[in-house]
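Spelled out from the first residue to the last, the chains are:
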Amino acid sequence: MSHIAERVLVGSLQKFSVEDGPGIRTTIFFKGCPLDCKWCHNPELIDERQELIKSQNNCIGCGHCVKACPRDAITISAEEGVIIDRTKCDLCLVCANECYAKALRPVAKFMTVDEILEIAAQDKGFYDKTEGGITVSGGEILMHAGFVGRLIDEAGKLGINVCVDTSGFGDSQALMELAQKKNVTNILYDMKSINDEIHRAYTGVSNRQILNNLRQLSADPEIVDKLIMRMPLIKGVNDSEDIIVRTGAFFRELGIKKVNLLQYHNLGISKKRNIGGVQEEFLPPTEERMNEIEVYFKNEINLKVEILGRV
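Note that the structure is a prediction, hence the values are computed from the model and not measured. (Residues numbered from 1 in each chain as written. Predicted model: local features only at pLDDT ≥ 70, side-chain atom pairs only at ≥ 80, totals over all residues. Heavy atoms only, no water.)

Brief notes about the overall build of the chain
Step number 1: In terms of helices and strands, the chain carries 12 helices and 13 strands.
Step number 2: Relative to its length of 311 residues, the chain is compact, with a C-alpha radius of gyration of 21 Å against a globular reference of 19 Å.
Step number 3: Across the 311 residues of the chain, 51% fall into the buried class.
Step number 4: Of all intrachain contacts in the chain linking residues separated by at least 6 positions in sequence, the fraction that spans at least 24 positions is 72%.
Step number 5: Averaging the coordinates of the 38 positive side-chain charges in the chain and doing the same for the 44 negative ones gives two points 2 Å apart. (Helix = DSSP H or I, 4+ residues; strand = E, 2+ residues; numbered from the N terminus. Rg over C-alpha atoms; globule rule 2.2 N^0.38 Å. Buried < 20%, exposed > 50% of the residue type's maximum accessible area, 1.4 Å probe, protein only. Contact = heavy atoms within 4.5 Å. Lys, Arg positive; Asp, Glu negative; His and termini not counted. Charge placed at Lys NZ, Arg CZ, Asp CG, Glu CD.)

As for the UniProt feature "domain: Radical SAM core" (unreviewed entry) in the chain
Step number 1: Mapped onto the present numbering, the UniProt feature "domain: Radical SAM core" (unreviewed entry) falls at residues 19-300.
Step number 2: Taken end to end, residues 19-300 is 37% helix and 19% strand, and its first and last C-alpha atoms sit 25 Å apart. (UniProt positions renumbered as here; feature names shortened; annotations may be inferred.)

Some remarks on the layout of surface pockets
Step number 1: Taken as a whole, the largest pocket holds about 1,100 Å³ of empty space.
Step number 2: Lining the largest pocket are 45 residues, with F29, H41, N42, G138 and H265 sitting closest to its centre.
Step number 3: Those elements that provide at least two residues to the lining of the largest pocket are β1 (8-17), β3 (52-54), β9 (162-166), β11 (227-233), β12 (258-263) and α11 (268-274).
Step number 4: Top contributing element to the lining of the largest pocket by residue count: β1, with four residues.
Step number 5: In terms of residue class, the lining of the largest pocket is built from 18 nonpolar, 16 polar and 11 charged.
Step number 6: Lining the lining of the largest pocket are residues from two domains, each supplying at least three of them: domain 1 (7-47 + 109-308) and domain 2 (52-106). (1 Å grid on protein atoms, 1.4 Å probe; cavity = no way out; pocket = protein on both sides within 12 Å on 5 of 7 lines; lining within 4 Å. Points joined across faces, edges and corners; volume = space filled by probe spheres on them. Nonpolar A, V, L, I, M, F, W, Y, C, P; charged D, E, K, R; others polar. Domains from an automatic or database assignment.)

Quick word on the pairing of strand β5 (residues 81-84)
Step number 1: Both strand β4 (residues 74-77) and β5 contribute to a ladder of four bridges, which runs antiparallel. Pairing of T75 across the sheet is with I83, part of β5. (Pairing = 2+ DSSP bridges.)

This is the structure in structure tokens:
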């Protein structure tokens, strides 16, 4: 039996989430993802290692972080505020521990299954009244499949249902084992582009494993009813007529019944900047195009469609 980590890095636990599955939910964001989507709205969760993020608006300009840093990696300027030389920074996090204003902080913290559930279970009353629960997300949960499986099992003992949110890029057997768990009510499954060339160009990986894993899941009559496809839509990237028609035909072939359309937003740009990187900015499809895609999936493919994250 493979080793299951006692603790993993968790970016955040988001309470009262209403777009990550049915009802009121607590979404757990795990750190680490094998994809590098150019439009990622959680770029701080891509690297599986710890990172230092700055919240410039919190900075009070006290300079304490400059004195605390043992690597002389931090300076402060009147124009830019806190500046981190990430070639010097070794992520000792002394600055974050010493920053009173929380302008510098670690992206994630190590948590155990019990620690996660202690927080998530606080809202069990809301879950029960709204048919909600917890959602395991990321990053990519398949990078922590053993840990996530144990979390789902322990949630089940507390009477808490779970949604699994995945890119589908990972071990097929591990994904099936998670999907088959009785208290997993829904699987939120990404479809970034059915065109492999576009998928490679914008996520860094082929979609072949993702599509094969989706075929395997949908072949199980119990699991296919749990599937909710999620399509982030970016103008000029994956909203073309060809991609939408091919995607619809694929969903129909597999017996998919539900799809969520997610309109692109640029919230990842500032996050990427605050961990020391640069993210390209895209545009969302027009409202007219979003409506056309919604109508096509509803009328031609007979899907239940919901549009999320409209700007």
